Amino acid sequence: MSLLSALSLVCGLMLHVSFSALNTHYCVPRKTVPYQNELKSFSEEGIFNYSTMLMRDDLGVVLLGAREAIYALDINNISVRKAAVYWRVTEEKQRECTYKGKHAEVECRNYIRNLHRVNDTTMYVCGTNAFSPTCDYMTFANGQLRLEGKQEEGKGKCPFDPFQRYSSLMVGNDLYSATSINFLGSEPVVLRSSDLALRTEFKSSWLSEPNFVYMDFVGESFDNPDGDDDKVYLFFSENAMEYDFYRKVAVSRVARVCKGDMGGQRTLQRKWTSFLKARLDCSLPEPSLPPIVQDVFLLKHRDWTKSVFYAVFTPQSSLSQASAVCAYSVSAIRDIFNEGKFKTPVAVETSHVKWVMYTGEVPVPRPGACINSVARKMGMNRSLDLPDKTLQFIRDRPLMDEAVRPLTGGPLLVKRGPLLTRIVVDSVLALDGQRYDVMFIGTENGYVQKAVNYAGEMFIIEEIQLFENPVPISTLRLSSSKGQLYAGSDFGAIQMPVSNCSRYDTCVDCILARDPYCAWDFTTEQCSPVYGFSSSSNTAIQSLKEGNVSQCPQPDPVAAVDFTLVPENNIQLPCQLHSNLAQVRWRFADQTLHSNNKYYIYSGGLLILSASESDAGLYTCDSVEQINGRTYNRTVVVYQLQLYSGPGVGDSTPSGNEVIDYSDSIYGQTTAAPELVTKSDSEDPLSPENQSDTSRVTRLEVAVGLLSLLCLSLMGVIFWIWSQGRWECFKLAQRSSESEGKRQSAEYMHIPNRTSEIKLLGPESGRPCSANNNHSTVDFKGNGEHHFTPMANISSLDGLGYINDESEI
Ligand SMILES: *[C@@H]1O[C@H](CO)[C@@H](O)[C@H](O)[C@H]1NC(C)=O
Ligand SMILES: *[C@@H]1O[C@H](CO)[C@@H](O)[C@H](O)[C@H]1NC(C)=O
């Protein structure tokens, strides 16, 4: 019996996989912005765990909770500290905590966990307080933060264990919290602390070893035709009860309660009468156990039925490495709770319980429903008036039969490598008068990924490194009005603008970036923030869905840079692309060059090995970028190679001529190289961040490349490591098969097996350093096939089936 159901679960997963894989693709962030020192940040010596944030636009501050400290930071510049208050554990508390077997310096401290607005001047704060959760009121007045010292019991409001996930929300004067209520962390509750406190039943059918991640409020009573109540939604993961698997399987859930719930009269006294939960579906395109929800953001719409929850998921088994983002509409969740079928437990064999769809009669008023017009018509105006039949039904059956499906049928984004941790979403009004939802997703290695969905096509505008060290982003907050994003980690908090249009120097770059925050301004000839223009304005352009650059002024032809050719020497011609999505194309005498034993195309340019007289002539480096099936070719740099005739080998002349020679110092040459690119690149000067990133790589590559051909394989390893930090994503839209090849090569980057990578990258393979998508010399184009699984891709490519990614099992 259970073997059968285990099989059916696995098969179900497999089926699901092959279906969702049908319309997914890989992609990479278009730009990678390395760490910038000039971002505004905050941290205090000796203080860690900056993980709780409360935005107070009204007071002009961000309240930041850390370990034993709370700060009020200037919302415009969080490096400006307006006030601080310290809340340390007492020695006595710490001693008690260590007696109970907890670590004095790690667990027996006070981690600030809840920070909520009460009124204009007052906040409610809770801390773990050495495994003895405590809450207090805090005021911010006259530039001072002050704890009232009221020290209320924090049990059920704040976790005991600082490592345990929790969630809380203030609605009016009521605190909703989801955490464990005991020292051991074994008694989870969803609690409302108010004049009429309510909680969940201690039953595993209600909550089974949950991990709470997020709560938010939806004002559903507004203009509601059914006279329905406002709701609090809760997202968490817990042990599945609906799967009959040989081991514990976790599932992601959404649950909700009604704001007006007062509990039952006899049954469910002081317990929720409206606690309903459903499984959240977010299927990954590879066989795996259900992914686990990690964070959620509610993108609110004036019409609440159009509000959308965006959720980040990570894998629960180490077999898979893919994180995902799925979006769920509030109305889809509402429909399942208000109209869906219930699950019910049935006893099978002796001790075993199985959850199946309930097909019997459902009592009226509907179990779990808020007090609405139907109930009121029956003379029931409070949950206390509900009949026992309704209450008993819901007490025993809080789980809905159907799972909540994502808005788009599947994930909006799937990404391998560093896991996704947190998400916020901004709704941006673009020049075309439409709103676009821009997602900012934090990662476990200190990056934020900025992505947007254009009519089904998932596009990652850029990935931005926020923290110098690869630390997980533990908090993300957004101020749409300020256009700022705030991130917290164990070591500090940082602030970044939602966009930096000045990163794009030319019209073409500005349009191809497809950033809804940015438009090309014809009057100032700058890439500028879009809010400065009205939608009817014709002084600015954007082309978000198409990336159409036809309205941009024709760029001036790129002037050729003179280069001197010394026979028998190796020659390095630098060329930097502006986009991770572009491929490089080198042309010489009307021929496209490929890496072989004469040419070596690497991320920073072209290396001509042991040049001869016949190599003199015009070399062109083009960037070839695919956008929505269209190809954009741009010449990045042109070199005129002239045969050397005269003394002074190795001198570089002021005109920028470079002679590459074995006798030259490798470092001397390579430091000069990136400068040369900038000078010659009149069409599209490199953005500084791109330069510093790539010049570092260039230096490495060239140094190694010049030493010997054998070292080429070593570079493969360097690149492999470098590329591990990169991202991939799936996108929902079908693209032309022409662009397929690009993604396949991008997929290659994530190959954990280093030895086979080296084999692949040997010079004799004719495609050195193909491991980088930036300048992919591996050309898989034109096979015209759609492959349904990553595995199929790999085995079909040039017989390189030995590449073997464990995540693709
Ligand atoms: C707090 O930060 C320190 C320093 O990184 C880290 O070791 C510890 O795990 C963090 N504690 C919690 C509860 O996150
Ligand atoms: C804010 O709330 C606190 C705590 O409930 C209360 O003592 C204070 O009077 C309130 N202040 C205002 C201005 O309403």
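Sequence positions are assigned chain by chain, starting from 1 and proceeding in written order. Chain labels run from A onward and ligand labels from 1 onward, assigned in the order the entries are written. The predicted nature of this model means local features are confined to residues of pLDDT at least 70 and side-chain atom pairs, given and counted, to a pLDDT of 80 or more, with totals for whole chains, interfaces and linings taken over all residues. Think of the side-chain values as coming from all heavy atoms in the structure, minus any hydrogens and water.

1. Remarks on the overall build of the protein
Our working definition: For the purposes of this entry, the term helix denotes a DSSP run of H or I that reaches at least four residues, the term strand denotes a run of E that reaches at least two, and both are numbered from the N terminus. Here the term buried applies to any residue with accessible area under 20% of the maximum for its type, exposed to any over 50%, and partly exposed to those in between, with areas from a 1.4 Å probe on protein chains only. Here a residue-residue contact requires only that any non-hydrogen atoms of the pair lie within 4.5 Å. Here the open area of atoms and residues is found with the Shrake-Rupley method and a 1.4 Å probe, where only the protein chains shown may cover a residue.
Broken down by element type, the protein carries twelve helices and 44 strands. Residues counted as buried form 59% of the 809 residues belonging to the protein. Across the protein, contacts joining residues at least 24 apart in sequence account for 63% of those joining residues at least 6 apart. Total accessible area computed for the protein in this model is approximately 32400 Å², and 51% of it derives from carbon and sulfur atoms.

2. Focus: the sheet that holds strand β32 (residues 493-497)
Rules: Any two strands with at least two DSSP-identified bridges between them are counted as paired. To obtain each axis, a line is fitted to C-alpha atoms, and for helices this fit is confined to the stretch in contact; angles are then taken between N-to-C directions over 0 to 180 degrees.
Spatial strand order, β3-β32-β31-β30: four strands in an open sheet with antiparallel pairing. Whereas interior strands pair on both sides, the edge strands pair on one side only; in this sheet they are β3 (40-42) and β30 (475-479). Sheet twist, expressed as the mean angle between neighbouring strand axes with direction ignored, is 20°. Where strand β31 (residues 484-488) lies against β32, five bridges are found, and the strand directions are antiparallel. If you follow Ala 487 over to β32, its bridge partner there is Ile 494.

3. Re a nonpolar patch on the surface
Put simply, the rule reads: A patch consists of residues whose relative accessible area exceeds 30% and which take part in no salt bridge; residues with like charges are grouped when within 9 Å of each other, and nonpolar side chains (Val, Leu, Ile, Met, Phe, Trp, Tyr) when within 5 Å. What makes a salt bridge here is a side-chain nitrogen of Lys or Arg within 4 Å of a carboxyl oxygen of Asp or Glu, nothing more.
Among the surface-exposed residues, Val 364, Val 374 and Met 378 lie close enough to one another that they form a single nonpolar patch of about 270 Å² accessible area. Met 378 gets classed as partly exposed once you look at its relative accessible area, which sits at 42%.

4. Let's talk about the site of ligand 2
Heads up, the condition is: Being near a molecule or strand, for a residue, comes down to having at least one heavy atom within 4 Å of it. Residue type decides the class: Asp, Glu, Lys and Arg count as charged, Ala, Val, Leu, Ile, Met, Phe, Trp, Tyr, Cys and Pro as nonpolar, and the leftover types, Gly among them, as polar.
Residues in close proximity to ligand 2 include Val 118, Asn 119, Thr 122 and Tyr 137, which together make up its full environment. When ligand 2 is considered free in solution it has 360 Å² of accessible area, and contact with the protein chains removes 39% of it. Residues belonging to the shell around ligand 2 are distributed by class as follows: two nonpolar, two polar and no charged.

5. Considerations on the state of the cysteines
Formally, a disulfide is one covalent bond, and it connects the sulfur atom of one cysteine to the sulfur atom of another. Test applied: The rule for a disulfide is simple: a pair of cysteine sulfur atoms within 2.5 Å.
Across all of its chains, the model carries eight disulfides by this definition. Residue pairing for Cys 126: its cysteine sulfur links by disulfide to Cys 135, the two sulfurs lying 2.1 Å apart. Its S-S torsion of about 100° marks the bond between Cys 126 and Cys 135 as right-handed, since a negative value means left-handed. Note on Cys 126: relative accessible area 0%, which makes it buried. Cys 126 supplies the cysteine sulfur nearest to Cys 158, a cysteine that is in no disulfide, at a spacing of 5.4 Å.

6. Topic: the packing of aromatic side chains
Rules: Pairs were defined over the aromatic rings of Phe, Tyr and Trp, the Trp ring being its six-membered one, requiring ring centres within 6.5 Å. Orientation was assigned from the angle between planes: stacked under 30 degrees, edge-to-face over 60, tilted for the rest. Two limits define a charge over a ring: the Lys NZ or Arg CZ must be within 6 Å of the ring centre, and within 35 degrees of the ring normal.
All chains considered together, the criterion is met by 24 aromatic pairs. Look at Phe 342 and Phe 393: their rings are 5.0 Å apart centre to centre, the planes differ by 75°, and that puts the pair in the edge-to-face class. Of this pair, Phe 342 sits in the loop between α3 (330-339) and β23 (343-348) while Phe 393 sits in helix α5 (residues 388-396), placing them 51 residues apart in sequence. The exposure class assigned to Phe 342 is buried, which follows from its relative accessible area of 1%. Seen from their ring centres, Tyr 600 and Tyr 602 are 5.7 Å apart, and the 25° between their planes marks the pair as stacked. The exposure class of Tyr 602 is buried, given its relative accessible area of 2%. Ring pairs connect the aromatic residues Phe 42, Tyr 50, Tyr 71 and Tyr 86, which therefore count as one cluster. Sitting above the plane of the Phe 393 ring, Arg 397 keeps its charged end 4.3 Å from the centroid. The ring of Tyr 599 carries the charged tip of Lys 598 above its face, separated from the ring centre by 5.7 Å.

7. Points about the pattern of salt bridges
The tally for this structure, following the rule as stated, stands at 36 salt bridges. The residue Glu 242 makes a salt bridge to Arg 253 at a minimum N-O spacing of 2.8 Å. One end of the pair, Glu 242, is in the loop between β17 (231-239) and β18 (250-258); the other, Arg 253, is in strand β18, and eleven residues separate them in sequence. Each of the two residues, Glu 242 as well as Arg 253, counts as buried. Salt-bridge contacts for Lys 306 lead to Asp 303; the nearest nitrogen and oxygen are separated by 3.6 Å.

8. A word on the nonpolar core
Quick reminder of the rule: Buried Ala, Val, Leu, Ile, Met, Phe, Trp, Tyr and Cys residues form a nonpolar core when they are joined through side-chain atoms within 4.5 Å.
Core analysis: the largest hydrophobic core is formed by 62 residues, its most contacted members being Tyr 310, Val 325, Ile 423, Met 439, Phe 440 and Leu 466. Looking at this core element by element, the count peaks at six residues for helix α6 (residues 507-513). Sequence-distant contacts of Leu 466, defined by excluding residues within four places in its chain, comprise Tyr 35, Leu 39, Gly 446, Tyr 447, Val 448, Ile 473, Ala 487, Ile 494 and Met 496. By size, the runner-up hydrophobic cluster in this structure holds 56 residues, among which are Leu 198, Met 215, Ile 333 and Phe 337.

9. Quick notes on the site of ligand 1
Stated formally: Pairs of N or O atoms are called polar contacts if they sit within 3.5 Å, as long as, within protein, a hydrogen donor faces a hydrogen acceptor (for residues adjacent in sequence, only side-chain-to-side-chain pairs).
Taken together, the residues surrounding ligand 1 are Phe 48, Asn 49, Tyr 111, Pro 162, Phe 163, Asp 490 and Phe 491. One of the side-chain nitrogen or oxygen atoms of Asn 49 is found 2.5 Å away from an oxygen atom of ligand 1. In the environment of ligand 1, an oxygen atom lies 3.4 Å from a nitrogen or oxygen atom belonging to the side chain of Asp 490. Out of a free accessible area of 360 Å², ligand 1 has 68% covered by protein chains. Class assignment of the residues belonging to the shell around ligand 1 gives a composition of five nonpolar, one polar and one charged.

10. A closer look at the pairing of strand β15 (residues 188-193)
Most of β15 sits out of view: six of its six residues are buried. Burial along β15 is two-sided: the face carrying Pro 188, Val 190 and Arg 192 and the face carrying Val 189, Leu 191 and Ser 193 are both buried. Examined bridge by bridge, strand β14 (residues 174-180) and β15 share six bridges and lie antiparallel to one another. Among the inter-strand pairings, Leu 175 is bridged to a residue of β15, identified as Ser 193.

11. Concerning the sheet that holds strand β21 (residues 308-314)
One key point about sheets: their strands pair by backbone hydrogen bonds, in either a parallel or an antiparallel sense. As summarised here, the arrangement of the four strands in space is β20-β21-β22-β25, forming an open sheet in which the pairing is antiparallel. The open sheet is flanked by β20 (292-299) and β25 (413-415), the only strands paired with a single partner. Looking at each pair of strands side by side, their axes are set apart by 20° on average, direction ignored. Bridging between β20 and β21 involves seven bridges; their strand directions are antiparallel. The residue of β21 that forms the bridge with Val 293 is Phe 313. Lying over the sheet, α3 contacts β20, β21 and β22 (323-329), oriented at roughly 70° with respect to β22.

12. Digging into the side chain of Ser 528
Following the sequence through the fold, Ser 528 ends up in strand β34 (residues 526-529). By relative accessible area, which is 11% here, Ser 528 ends up buried. Within the structure, Ser 528 has its side chain in polar contact with the backbone oxygen of Gln 526 (distance 3.3 Å). Setting aside residues up to four positions removed in sequence, Ser 528 forms contacts with Cys 501, Tyr 517, Cys 518, Ala 519, Asp 521 and Phe 533.

13. Digging into the confidence of the model for the protein
Parts of the prediction with low pLDDT should not have their coordinates interpreted in detail. So the rule is basically this: Per-residue confidence from the predictor is reported as pLDDT, which spans 0 to 100.
Per-residue confidence for the protein gives a mean pLDDT of 79; residues scoring 70 or more make up 76%. Predicted confidence for residues 1-26 stays below pLDDT 50, and this span has 50 contacts to residues more than four positions away or in other chains. Scored below 50 in pLDDT, residues 649-809 makes 330 contacts in the model with residues more than four places away or belonging to other chains.

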